[in-house]
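# Notes for the structure review
The lines below spell out each chain.
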Amino acid sequence: MTEMETPIARVRGLGSAREGGAHWWQERQSAVAAFLLYLWLIVSLVRLAPLDQRTMVEWLRDPAAAVPMLLLVWVTFRHLRDGLQVVIEDYVHEEGNKFFTLLLLNFFAVGAGALAAFAVLKIALGNPGA
């Protein structure tokens, strides 16, 4: 603490990263959103009679299923990226390695999330007669 630091600066707790609790708060919000969406998924799957491919495709073609599924994909990969980012920032100390590892993490999270979203959209918007 510097002598020029005010009490409000200590309360805000921004620290050297100037980020404070924003990242922590975003992780908690995405965790709650993921929990609720996974709960929705489990309840939805239990309510479906057979869990065969035809039933799943028909279910996912309904916008009431496809939209929450897309949100689930987004929240899952966002939460994964945020959590692993903290681990990397805490345990990878060499700046070059940290940058490269975070870059790989971001590419993976965006790529895998896009692939999962594409799969959901392909089913949801696919040919209804197929």
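Not measured: the values here are computed from a predicted model.

What follows concerns the overall build of the protein chain. Each helix and strand counted, the protein chain has five helices and zero strands in total. Beginning at the N terminus, the succession of helices and strands in the protein chain can be written as α-α-α-α-α. Sequence-distant contacts in the protein chain: of pairs separated by 6 or more residues, those separated by 24 or more amount to 68%.

Before going further, it helps to spend a moment on the packing of aromatic side chains. Taken as a whole and judged by the stated rule, the model has two aromatic pairs. Where Trp40 meets Trp59, the ring centres are 5.7 Å apart and the plane angle is 25°; that geometry is what we call stacked. Here the residue Trp40 occupies a position in helix H2 (residues 22-47), and Trp59 occupies one in helix H3 (residues 53-60), the gap between them amounting to 19 residues. The exposure class of Trp40 is partly exposed, given its relative accessible area of 22%.

Take the packing of helix H4 (residues 63-91) against helix H5 (residues 95-124) next. Where H4 meets H5, the closest approach of the two axes is 10 Å, and the angle between their N-to-C directions is 170°. Overall, the two elements H4 and H5 adopt an arrangement that is roughly antiparallel. Of the residues belonging to the contact of H4 with H5, the class tally is 18 nonpolar, four polar and three charged.

The subject of this paragraph is the nonpolar core. By size, the foremost hydrophobic cluster in this structure holds 14 residues, and its most contacted members are Leu41, Trp59, Leu60, Met69, Leu72 and Val120. Of all the elements in the fold, those that place two or more residues in this core are H2, H3, H4 and H5. The contact partners of Trp59, leaving out residues within four places of it in the chain, are Trp40, Leu41, Ser44, Leu45, Leu48, Ala65 and Met69.

If you trace the backbone, Asn127 turns up in the segment after H5. Overall, the relative accessible area of 53% leaves Asn127 in the exposed class. With 66 residues separating them in the primary sequence, Asn127 and Arg61 have C-alpha atoms 9.8 Å apart.

In this model H4 runs 42 Å from its N-terminal to its C-terminal C-alpha over 29 residues, within 8% of the 42 Å that 1.5 Å per residue would give. Turning to H4, its buried residues are Ala65, Ala66, Pro68, Met69, Leu72, Val73, Val75, Phe77, Asp82, Gln85 and Ile88. Here the buried face of H4 lies against H2, H3 and H5.

Okay, H5 next. Taking 1.5 Å as the rise per residue, H5 with 30 residues should run 44 Å; its terminal C-alpha atoms sit 43 Å apart, in good agreement. Tucked inside the fold, the buried residues of H5 contact H3 and H4. One side-chain oxygen at the N-terminal end of H5 lies 3.1 Å from the backbone nitrogen of Gly96; it belongs to Glu94.

Reading guide: rules and limits
- Residues numbered from 1 in each chain as written.
- Predicted model: local features only at pLDDT ≥ 70, side-chain atom pairs only at ≥ 80, totals over all residues.
- Heavy atoms only, no water.
- Helix = DSSP H or I, 4+ residues; strand = E, 2+ residues; numbered from the N terminus.
- Contact = heavy atoms within 4.5 Å.
- Phe/Tyr/Trp six-rings, centres within 6.5 Å; stacked < 30°, edge-to-face > 60°.
- Buried < 20%, exposed > 50% of the residue type's maximum accessible area, 1.4 Å probe, protein only.
- Axes fitted to C-alpha atoms, helices over the stretch in contact; angles between N-to-C directions.
- Parallel < 35°, antiparallel > 145°, perpendicular 65-115°, else oblique.
- Nonpolar A, V, L, I, M, F, W, Y, C, P; charged D, E, K, R; others polar.
- Core = buried A, V, L, I, M, F, W, Y, C linked by side-chain atoms within 4.5 Å.
- Expected span 1.5 Å × (residues − 1).
- Polar contact = N/O pair within 3.5 Å; in protein donor to acceptor, adjacent residues only side chain to side chain.

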